[in-house]
Amino acid sequence: MSTILEQISKCIEFGKINLASPYPPDMKEQEGADELTKKAIDEGIDPNAILDEALIPAMAIVGNKFSKNEIFVPQMLMSAKAMGASMEHIRPFFQSGAAKRKGVFVVGTVAGDLHDIGKNLVAMMVEGGGWEVIDLGVDVASAKFEESINQHPGCIIGLSALLTTTMTNMGTTVKELKAKYPETQILIGGAPVTTEFCEQIGANFYSPDPQGAVNFLNTIAS
Ligand code: B1M
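Residues numbered from 1 in each chain as written. Predicted model: local features only at pLDDT ≥ 70, side-chain atom pairs only at ≥ 80, totals over all residues. Heavy atoms only, no water.

Colleague: When you look at the overall build of the chain in this model, what are you seeing that I'm missing?
Modeller: When helices and strands are counted, the chain shows 9 helices and 5 strands. Ordering the α and β elements of the chain from the N terminus gives α-α-α-α-β-α-β-α-β-α-β-α-β-α. For 222 residues, the compact-globule estimate of 2.2 N^0.38 gives 17 Å, and the C-alpha radius of gyration of the chain, at 18 Å, lies within 12% of that figure. Its C-alpha atoms put the chain at 50 × 35 × 25 Å along the principal axes. Summarising the internal contacts of the chain: among those between residues at least 6 apart in sequence, 67% fall at separations of at least 24. Across the chain, 17 positive and 27 negative side-chain charges occur, with their mean positions spaced 1 Å apart. (Helix = DSSP H or I, 4+ residues; strand = E, 2+ residues; numbered from the N terminus. Rg over C-alpha atoms; globule rule 2.2 N^0.38 Å. Contact = heavy atoms within 4.5 Å. Lys, Arg positive; Asp, Glu negative; His and termini not counted. Charge placed at Lys NZ, Arg CZ, Asp CG, Glu CD.)

Colleague: How should the coordination of the cobalt atom of the ligand be read in this particular structure?
Modeller: Each pair of donors in an ideal octahedron of six around a metal sits at 90 or 180 degrees, and each pair in an ideal tetrahedron of four sits at 109.5 degrees. Its sole protein donor being His115 (NE2), the cobalt atom of the ligand sits 2.2 Å from that atom. Tracing the sequence through the fold places His115 in the loop between β1 (104–109) and α5 (117–128). (Donors = N, O, S within 2.8 Å, 3.2 Å for Na, K, Ca; no water.)

Colleague: Got a minute to help me understand the pattern of salt bridges in this structure?
Modeller: Opposite charge on two side chains lets them pair, provided their charged atoms get close. If you walk through the whole model with that rule in mind, you get 10 salt bridges. A salt bridge links Glu70 to Lys68; the nearest nitrogen and oxygen atoms lie 3.9 Å apart. Residues joined in a network through salt bridges with shared partners are Glu88, Arg91, Arg101 and Glu127. (Salt bridge = Lys/Arg side-chain N within 4 Å of Asp/Glu carboxyl O.)

Colleague: How should the sheet that holds strand β2 (residues 132–135) be read in this particular structure?
Modeller: Pairing between the strands of a sheet comes from backbone hydrogen bonds, and it takes one of two forms, parallel or antiparallel. Pairing is parallel in the open sheet, where 5 strands are placed in the order β2-β1-β3-β4-β5. Edge strands, defined here as strands with exactly one partner in the open sheet, are β2 and β5 (205–206). (Pairing = 2+ DSSP bridges.)

Colleague: Hey, could you run me through the site of the ligand in this one?
Modeller: With respect to spatial proximity, 26 residues lie near the ligand, and among them Leu114, His115, Asp116, Ser160 and Thr164 are the closest. At 2.9 Å, a backbone N or O of Gly112 approaches a nitrogen atom of the ligand. His115 is positioned with one of its side-chain polar atoms (N or O) 2.8 Å from a nitrogen atom of the ligand. At the level of secondary structure, the elements contributing two or more residues to the shell around the ligand comprise α5, β3 (156–160) and β4 (186–189). Per-element accounting of the shell around the ligand gives the leading share, 4 residues, to α5. Considering only residue class, the shell around the ligand consists of 14 nonpolar, 9 polar and 3 charged. (Near = heavy atom within 4 Å. Polar contact = N/O pair within 3.5 Å; in protein donor to acceptor, adjacent residues only side chain to side chain. Nonpolar A, V, L, I, M, F, W, Y, C, P; charged D, E, K, R; others polar.)

Colleague: Help me understand the packing of aromatic side chains, please; the structure alone is not making it clear to me.
Modeller: Centre-to-centre distance and the angle between the planes together describe a pair of aromatic rings. In the structure shown here, the tally under the stated rule is 1 aromatic pair. For the pair Phe205 and Phe216, a centre-to-centre distance of 4.5 Å together with 5° between the ring planes defines the contact as stacked. Taken together, the residues span a long stretch of sequence, with Phe205 in strand β5 and Phe216 in helix α9 (residues 210–221) at a distance of 11 residues. The partly exposed category is assigned to Phe205, whose relative accessible area is 30%. Classification of Phe216 by relative accessible area gives buried; the value is 10%. (Phe/Tyr/Trp six-rings, centres within 6.5 Å; stacked < 30°, edge-to-face > 60°. Buried < 20%, exposed > 50% of the residue type's maximum accessible area, 1.4 Å probe, protein only.)

Colleague: It is not clear to me how the layout of surface pockets should be interpreted in this structure. Could you clarify?
Modeller: A probe matching the size of a water molecule, rolled over the atoms, marks out where space remains unfilled. Within this model, the largest pocket holds a volume of roughly 400 Å³. Among the elements of the structure, β1, α5, β3, β4 and α9 are those that each provide at least two residues to the lining of the largest pocket. The dominant element in the lining of the largest pocket, judged by the number of residues it contributes, is α5, at 5 residues. Of the residues that constitute the lining of the largest pocket, the class distribution is 16 nonpolar, 6 polar and 2 charged. (1 Å grid on protein atoms, 1.4 Å probe; cavity = no way out; pocket = protein on both sides within 12 Å on 5 of 7 lines; lining within 4 Å. Points joined across faces, edges and corners; volume = space filled by probe spheres on them.)

Set out below in structure tokens:
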């Protein structure tokens, strides 16, 4: 791996967004993911290499640390922001088709539910894992997921719910989507959700955290 990719990777792992960002203190006044990714592209490094050799491994480290309680939501958000700064530079190459992604992941918080912090973390980790992410936001009804499935055949659906009351809407969404698109893979998560609930409503997979979501998606992509 070239030095600049290692540097980008470190910026993402430790949440160094750009030169102006004071966080983390021991990287103060150093270039961040923003400047370094631009530099890498200007030097002619393939955006696929930036994604595969810097962003994906860094976000995997972040996800695993989070799963093991070695870092917490604030650090993860900083890493996600650094990754977002990097993605700003490489996203145009994916949109033009000059670089490839693993597939399309459509994610949303289910109908009636406005909680999006966990869902956003999942979306950012999955994007950092090499997937195109379509984030439908919060309070998303089944019909909106159906539209996305029609627009992106073969996409994977991700549902988040934080309330015991909206978990039932998750069940309804899974039932409606599976009735029309039985082959569609549906991943679910959120604080009150469990593996038992996943089996009960007929979703394909439950993950308690973003890294588990990335790992599940990778089993589909491989
Ligand atoms: Co609300 N809220 N809230 N709230 N809120 C909870 C969830 C609650 C547990 C607080 C409590 O009473 N102790 C409680 C739910 C109780 C229950 O259902 N049993 C609750 C309630 C009751 C409510 C209201 C009804 C309050 C009211 O108005 N009376 C109301 C409902 C609004 C609505 O949705 N219709 C409400 C509103 C809000 C705010 C808007 C104020 C705000 C949300 C802001 C936002 O999201 N933009 C809010 C917040 C912040 C919380 C708490 C404090 C924090 C939730 C959070 O973001 N956690 C929460 C209490 C708590 O958890 N301490 C609470 C951090 C986040 C990183 O974790 O979302 O679990 P989490 O995501 C994790 C995993 O679950 C997983 O990955 C993430 C990272 O590990 N994950 C997935 C999540 N989605 C996934 C999807 C996947 C895979 C993994 O695949 C697709």
